[in-house]
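# Survey of secondary and tertiary structure
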Amino acid sequence: MEKSVINEFIKEIELFKDLTEDECRVLSEQIEVQTHEANSIVFAENTPRKNLFIIYEGEIELFKKTPFGEEKRLSFFSKYDFLGEGALMDDSPHSTSARTLLKTTLFMVSRESFLELFRHNSSLGAKVLSRIARVISRRMKQTNSHMVNAAAEFESGRTRLEHDLLGEREVPQEFYYGVQTLRALENFNISGITLAQYPVLIESLAMVKKAAALANFELGLLSKPVKEAIVQACDEILNGKHHNNFVVDMIQGGAGTSTNMNANEVIANRALEILGYEKGQYKYCHPNNHVNLSQSTNDVYPSAVKIAVIYSNRKLIEVLSNLIVSFKAKAKEFAGIIKMGRTQLQDAVPMTLGQSFEAYAVTLGEEIERLEQNAKLFLELNMGATAIGTGINSDPDYSNKVISHLKSITGLEVVLAPNLVEATQDTGAFVIYSSALKRLAVKLSKISNDLRLLSSGPRAGIGEINLPPMQPGSSIMPGKVNPVIPEVVNQIAFKVIGNDLTVTLAAEAGQLELNVMEPVITQSIFESIEMLKNGMATLKYRCIEGITANAERCRKLVEDSIGIVTALNPVLGYETCTELAKEALMTNRGVCELVLEKNLLSREELDELLAPENMIKPKRMK
């Protein structure tokens, strides 16, 4: 490749923007051109940094391997982007790997050649290193008070200039989000939980935007090329692409405006690329004028959230159903094991261990119907309401058209709310659905309490069941194993119960034509769903499926219990049985022993009455 081509190209690279014409020519002499076929490794994780790579043509993905060997995609780089600039400063190992997605041409500057150049032209070297420092500084701005955006460390360093009503800002070139999202990043450094952590919400936003574009095209409000570009961008998001560009904190001011604009900007900039333009050339596809056409945050945001909750609810029910299967399997396994039932933590009457686990399965099964029933409330949407429900800035036919497209795109029987003013300010569906999540959490916590009690000991407690040992239980007490899985489920329940209160208070805080607290409602509900899913899966695989029964311990507790006197009540009468129980307690003797001693029943009669099958179900009274 001719040096003149290289020289002209590097003038567009962020790292070299401070260089003079002569300095660019000097630097271009140090550049080596490389060509890589698709799916080639450019550099690998944990290998020493040796080269700065600049992409002339093609595309590269940056990825990292998890401890389990899975690849986690971090970012994409294309023309004008650069990677490995840290090599010009030191030879520390790469923290990631880079792989070509297409046939790619790279300009390479080695660390050795740059240091040699620095020795002869310190001014040039200082300018480049200064730019590298600015790139690193910009990446560090992505650091959150609670976490670091995993992809922020791997920004290319290039920027583009965008503006809004508050002025101009530099936006990282490789990201699809724009200036309003950038401001939201700075304003809402709150929870560290971003939209990217809830892919279902991102995909629901894309569905809403796609439906809006199709409706607007039918109404003659969007040109075919712009419509098709928006639809393609939305489809890419639905296929899992660009999710790392949804960076706004889940908890935010503005009733979800930052979330809506994050979606608008990502879709607009990707659509611009599809149309053959550069990101930020909003004249051709604007986040507000085109992607947000006929819409407001106040109908887009709640509609997308409702669709996302419906999808999330399906997954929650799937996980819950799998847990119920495990409880039913244990109920069958333990069907023949007699144990003591208890009320008020006192001995009551005998039952089987299988009956205990069957009861858990049944009580959780009831929650499937509640969740399904409450989730149906989210099918009613306010699309076309725009700002407050009056439909200002939308076509009279828009609402019905966008709902029709949403029905097709989502596969859900969504309907238009009968009164859009009411629907825009009402959050009652979230309140009742959150209560269903709370009810499920309460039941899971109660079951976890039971498991901890029944497994208590192992020698000095009830000890009727054994939970699978998961980890050592003490830093000071050797041999101690704690019921850590039921304990964590308890704590999940506490969080869900707290989130339900948050949803209730936020719903109550609505004022006039809008409830601006919907972001915290959304965050609370999605956090509850996610924690319940993870908690139930953990409970199933790391606890319930590994539970074993101490059958002999169960039987001995029954035989030693005063509670079996209840089984004799229909034959001997309440008064006699009371005296027997009192004497058994005072003398520390068994009920059966006293019955035989007093000749109240024969051994045959006693054995018949106390047979397990006769104590765990109704029996005809004579």
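Conventions we followed
Residues numbered from 1 in each chain as written. Predicted model: local features only at pLDDT ≥ 70, side-chain atom pairs only at ≥ 80, totals over all residues. Heavy atoms only, no water. Helix = DSSP H or I, 4+ residues; strand = E, 2+ residues; numbered from the N terminus. Rg over C-alpha atoms; globule rule 2.2 N^0.38 Å. Buried < 20%, exposed > 50% of the residue type's maximum accessible area, 1.4 Å probe, protein only. Contact = heavy atoms within 4.5 Å. Areas by Shrake-Rupley, 256 points an atom, 1.4 Å probe, with all protein chains shown as cover. pLDDT = per-residue confidence, 0-100. Patch = residues over 30% accessible without salt bridge, like charges linked within 9 Å, V, L, I, M, F, W, Y side chains within 5 Å. Salt bridge = Lys/Arg side-chain N within 4 Å of Asp/Glu carboxyl O. Pairing = 2+ DSSP bridges. Phe/Tyr/Trp six-rings, centres within 6.5 Å; stacked < 30°, edge-to-face > 60°. Lys NZ or Arg CZ within 6 Å of the ring centre and 35° of its normal. Axes fitted to C-alpha atoms, helices over the stretch in contact; angles between N-to-C directions. Expected span 1.5 Å × (residues − 1). Arc of directions from axis to C-beta. Core = buried A, V, L, I, M, F, W, Y, C linked by side-chain atoms within 4.5 Å. Lys, Arg positive; Asp, Glu negative; His and termini not counted.

### So, the overall build of the protein
Looking only at helices and strands, the protein features 22 helices and 16 strands. Radius of gyration (C-alpha) of the protein: 33 Å, far over the 25 Å computed for a compact globule of 622 residues. By its C-alpha atoms, the protein is 115 × 65 × 40 Å across when sized along the principal axes. Residues counted as buried form 50% of the 622 residues belonging to the protein. Considering only residue pairs separated by 6 or more positions, the protein has 72% of its internal contacts joining residues 24 or more positions apart. In the form shown here, the protein has an accessible surface area of approximately 29100 Å², with 52% of it arising from carbon and sulfur atoms.

### Observations regarding the confidence of the model for the protein
Of all residues in the protein, 95% attain a pLDDT of 70 or more, and the chain-wide mean is 90. Segment residues 142-154 is flagged for pLDDT under 50; beyond a separation of four residues in sequence, or across chains, it makes 32 contacts in the model.

### Side note on a nonpolar patch on the surface
On the surface, Met1, Val5 and Val33 cluster together into a nonpolar patch covering about 230 Å² of accessible area. In this fold, Val33 is placed in strand β1 (residues 32-36). The class for Val33 is partly exposed, based on a relative accessible area of 33%.

### Thoughts on the pairing of strand β7 (residues 97-100)
Of the two faces of β7, the one lined by Ser97 and Arg99 and the one lined by Ala98 and Thr100 are each fully buried. One ladder, built from two bridges, connects strand β2 (residues 41-43) with β7; its direction is antiparallel. The residue bridging Ile41 from the neighbouring strand is Arg99, located in β7.

### Quick look at unusual backbone geometry
In this chain, Gly457 is followed by Pro458 through a cis amide linkage whose omega measures 5°. Within the element layout of this structure, Pro458 appears in the loop between α14 (428-454) and β15 (465-466). In this model, Ser294 sits at a positive phi of 65°, which is unusual for a non-glycine residue.

### Quick notes on the packing of aromatic side chains
A complete count under the given rule lists 15 aromatic pairs for this structure. With a centroid separation of 6.1 Å and an interplanar angle of 50°, the aromatic rings of Phe114 and Phe118 are classed as tilted. Of this pair, Phe114 and Phe118 both sit in helix α3 (residues 111-120), four residues apart, which is roughly one turn of the helix. Counting every residue linked through ring pairs, the aromatic cluster contains Phe9, Tyr56, Tyr80 and Phe107. Here the basic side chain of Lys279 rests over the ring of Tyr176, its NZ or CZ set 4.9 Å away from the ring centre.

### Observations concerning the sheet that holds β1
Either a parallel or an antiparallel arrangement is found when strands of a sheet pair, and the pairing is made through backbone hydrogen bonds. In spatial order, the strands read β1-β8-β3-β6; together these four strands make up an open sheet with antiparallel pairing. Edge strands, defined here as strands with exactly one partner in the open sheet, are β1 and β6 (82-83). Alignment of strand β3 (residues 51-57) against strand β8 (residues 104-110), held across six bridges, turns out to be antiparallel. Paired with Asn51 across the two strands is Ser110, which belongs to β8. Against the sheet, helix α1 (residues 3-10) engages β1, β3 and β8, with an angle of about 100° to β3.

### Let's talk about helix α12 (residues 398-410)
Helical geometry: 3.6 residues make up each α-helical turn, so side chains three or four residues apart lie on a common side. Taking 1.5 Å of rise per residue, 13 residues should cover 18 Å, and α12 covers 18 Å from first to last C-alpha, within 8% of that figure. Every buried residue of α12 is listed here: Tyr398, Ser399, Val402, Ile403, His405, Leu406 and Thr410. Burial along α12 is one-sided: seen end-on, the buried residues are contained in an arc of 165°. Summarising the geometry of α12, the exposed residues directed more than 90 degrees from the buried face are Asn400 and Ser408. Tucked inside the fold, the buried residues of α12 contact α6 (199-218), α10 (297-333), β13 (380-381), β14 (415-416) and α13 (420-425). At the exit of α12 stands Gly411, carrying a positive phi of roughly 75°.

### Regarding the nonpolar core
Of all hydrophobic cores here, the largest spans 111 residues; its most connected members are Ile230, Tyr433 and Leu451. Per-element accounting of this core gives the leading share, 17 residues, to α10. In this structure, Ile10, Leu27, Ile54 and Ile132 belong to the second largest nonpolar core, which totals 23 residues.

### A word on the sheet that holds strand β4 (residues 60-65)
The sheet built from four strands is open, its strands ordered β2-β7-β4-β5 with antiparallel pairing. What marks the edges here is a single partner per strand, and that holds for β2 and β5 (71-77). For this sheet the average axis-to-axis angle between neighbouring strands, irrespective of direction, equals 35°. Note: β4 against β7, four bridges, orientation antiparallel. Residue pairing for β7: Glu61 is matched across the bridge by Arg99.

### Observations concerning the side chain of Lys306
Mapped onto the secondary structure, Lys306 falls in helix α10. No salt bridge is formed by the buried Lys306; its nearest oppositely charged neighbour, Glu380, is found at 6.0 Å. Once residues lying within four places of it in the same chain are set aside, the contact partners of Lys306 are Phe378, Glu380, Leu381 and Phe430.

### Topic: the pattern of salt bridges
Scanning the model with the defined rule gives 41 salt bridges in all. One salt bridge in this structure joins Glu14 and Arg131, with 3.1 Å as the shortest N-O distance. In this pair, Glu14 is assigned in the loop between α1 and α2 (21-28) and Arg131 in helix α4 (residues 122-140), connecting sequence segments 117 residues apart. The class of Glu14 is buried, set by a relative accessible area of 3%. A relative accessible area of 9% means that Arg131 is categorised as buried. Linking Glu273 and Lys279 is a salt bridge whose minimum nitrogen-to-oxygen distance equals 3.0 Å.

### What to know about helix α15 (residues 484-508)
When the terminal C-alpha atoms of α15 are compared, their 37 Å separation across 25 residues agrees well with the 36 Å that a helix rising 1.5 Å per residue should span. Restricting attention to buried positions, one finds in α15 the residues Val484, Ile485, Pro486, Val489, Asn490, Ile492, Ala493, Val496, Asn499, Asp500, Val503 and Ala506. Among the structural elements, α14 and α16 (518-542) are those in contact with the buried residues of α15.

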